[in-house]
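An overview of the molecular structure
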Amino acid sequence: DSDPEYIGTPADEFFESGPGEMLSRFSDEDDVEAEVTITDNGQQRHFSVSRSPVGDSPKQGRIVLLHEITPQKRREQELEATKQSLEQSNERLDQFASTVSHDLRNPLNVAQLRLDLAQTETESEHLDAVDEAHARMESLIGDLLTLARQGDVIEESDAVDLAALAETAWQNMATTEAPLTVETAQTIRADSSRLQELLENLFRNAVEHGGKGVIVSIGEMADGFYVADDGPGVSVEKRDDVFDAGYSTADDGTGFGLNIAQEIAGAHAWEICVTDSKSGGARFEITGIEVVD
């Protein structure tokens, strides 16, 4: 077998830890590649080791090459630990959000029932205001619960017909007077249900700020798509703020819609930004998408 002095210092240290033990991990096959871990002064070191015969036969000798991969292995371990920690945090957040939404909805439902009874007995603008407050609270609870779940990393994705999904999301709005303008025939890789949630939030944002007659379009880009409208748009100085949780300029907005859209985009490893549309309204661009067709 090859002499360690020709391989270098890392090899010397490696073979000093027990060359017989290391070589015994290999089979008698001519060509072998493996990863080996040794303990050096209480610290684990990882090596990628390959062995091949010299000439036509192992009897003529073998060449053993090793490359230390300890930094890569430690990085992999750190990433795995971070992933597990995030998964545990997401589970706790999801459980917390579910519990809070349940505990909030119970008294809210009681309050709404009492309000319904009060409205049958008397008419008052104050009761109408309470009704609107209840509706806003329900929207906030729903958005908070959605927000807690939408940032989870996408593990699996499907080929999604963007135009068809956009039409479905638009129909779910049920408050719009104008049709959706579709200028894309893309098929993209995405989690269908969460992409629909993203589109619904962008559409809802357009209606909240542009009114029921707002014209909304969805079109394709080289590595993604855009959602544009002919509403009032977003000023340059506010474009960094619109994705913040709780930020809204609409009287009946919860301030979570665009934040949810950003969380869903991030879970897909996409980017989302806002700029001007051709008509002077808002144009949200989602990029970094794998386009299938």
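Definitions and cut-offs
- Residues numbered from 1 in each chain as written.
- Predicted model: local features only at pLDDT ≥ 70, side-chain atom pairs only at ≥ 80, totals over all residues.
- Heavy atoms only, no water.
- pLDDT = per-residue confidence, 0-100.
- Contact = heavy atoms within 4.5 Å.
- Phe/Tyr/Trp six-rings, centres within 6.5 Å; stacked < 30°, edge-to-face > 60°.
- Helix = DSSP H or I, 4+ residues; strand = E, 2+ residues; numbered from the N terminus.
- Buried < 20%, exposed > 50% of the residue type's maximum accessible area, 1.4 Å probe, protein only.
- Expected span 1.5 Å × (residues − 1).
- Polar contact = N/O pair within 3.5 Å; in protein donor to acceptor, adjacent residues only side chain to side chain.
- Axes fitted to C-alpha atoms, helices over the stretch in contact; angles between N-to-C directions.
- Parallel < 35°, antiparallel > 145°, perpendicular 65-115°, else oblique.
- Left-handed = near helix turned anticlockwise from the far one by under 90°.
- Core = buried A, V, L, I, M, F, W, Y, C linked by side-chain atoms within 4.5 Å.
- Patch = residues over 30% accessible without salt bridge, like charges linked within 9 Å, V, L, I, M, F, W, Y side chains within 5 Å.
- Areas by Shrake-Rupley, 256 points an atom, 1.4 Å probe, with all protein chains shown as cover.
- Salt bridge = Lys/Arg side-chain N within 4 Å of Asp/Glu carboxyl O.
- Lys, Arg positive; Asp, Glu negative; His and termini not counted.
- Charge placed at Lys NZ, Arg CZ, Asp CG, Glu CD.

1. Details of the confidence of the model for the protein chain
Looking at the protein chain as a whole, the pLDDT averages 79, with 77% of positions reaching at least 70. Within the model, the stretch residues 1-21 combines pLDDT values under 50 with 28 contacts to residues more than four positions away or in other chains.

2. Thoughts on the packing of aromatic side chains
Applying the stated criterion across every chain yields a total of two aromatic pairs. Relative to Phe203, the ring of Trp170 has its centre 5.2 Å away and its plane inclined at 85°; by these criteria the two rings are edge-to-face. With Trp170 in helix H5 (residues 162-171) and Phe203 in helix H6 (residues 192-210), this residue pair connects regions lying 33 residues apart in the sequence. Seen in terms of ring centroids, Phe243 and Phe284 are 6.1 Å apart; in terms of plane orientation they differ by 85°. Their pairing is edge-to-face. Taken together, the residues span a long stretch of sequence, with Phe243 in the loop between strand S8 (224-229) and helix H7 (257-267) and Phe284 in strand S10 (residues 282-287) at a distance of 41 residues. A single burial state applies to Phe243 and to Phe284, both of which are buried.

3. Let's talk about H6
For H6, which comprises 19 residues, the first-to-last C-alpha distance of 27 Å matches the rise-based estimate of 27 Å (1.5 Å per residue) to within 8%. Buried within H6 we find Arg194, Leu195, Gln196, Leu198, Leu199, Glu200, Asn201, Leu202, Phe203, Asn205, Ala206 and Val207. Once H6 finishes, Gly211 follows within two positions and takes phi at roughly 90°, a positive value.

4. Some thoughts on the environment of Ser124
In this structure, Ser124 sits in the loop between helix H3 (70-121) and helix H4 (125-150). Within the structure, the side chain of Ser124 is placed 3.1 Å from the backbone nitrogen of His126, a separation counted as a polar contact.

5. Observations concerning the packing of H5 against H6
At a closest axis distance of 9 Å, the pairing of H5 and H6 adopts a crossing angle of 55°. As judged from the angle between their axes, H5 and H6 are oblique. Two packed elements cross with a definite hand, and for H5 against H6 that hand is right-handed. Along the contact surface, H5 presents Leu162, Leu165, Ala166, Thr168, Ala169 and Trp170, while H6 presents Ser192, Leu195, Gln196, Leu199, Glu200 and Phe203.

6. Points about the nonpolar core
If you look at the biggest cluster of nonpolar residues, it comprises 38 residues, and the most contacted ones within it are Leu195, Leu199, Leu202, Phe203 and Phe225. When contributions to this core are tallied by element, the ones reaching two or more residues are H5, strand S6 (187-190), H6, strand S7 (216-221), S8, H7, strand S9 (271-276) and S10. Here this core gets seven residues from one element, more than from any other, and that element is H6. Those residues in contact with Leu202 that lie beyond four places of it in its chain are Val227, Leu258, Ala261, Ile272, Phe284 and Ile286.

7. Some points on a negative patch on the surface
Among the surface-exposed residues, Glu80, Glu87, Glu91, Glu155, Glu156 and Asp158 lie close enough to one another that they form a single negatively charged patch. Among the elements that take part in the negative patch, H3 stands out by supplying three residues, more than any other. Tracing the backbone shows Glu87 in helix H3. Note on Glu87: relative accessible area 36%, which makes it partly exposed.

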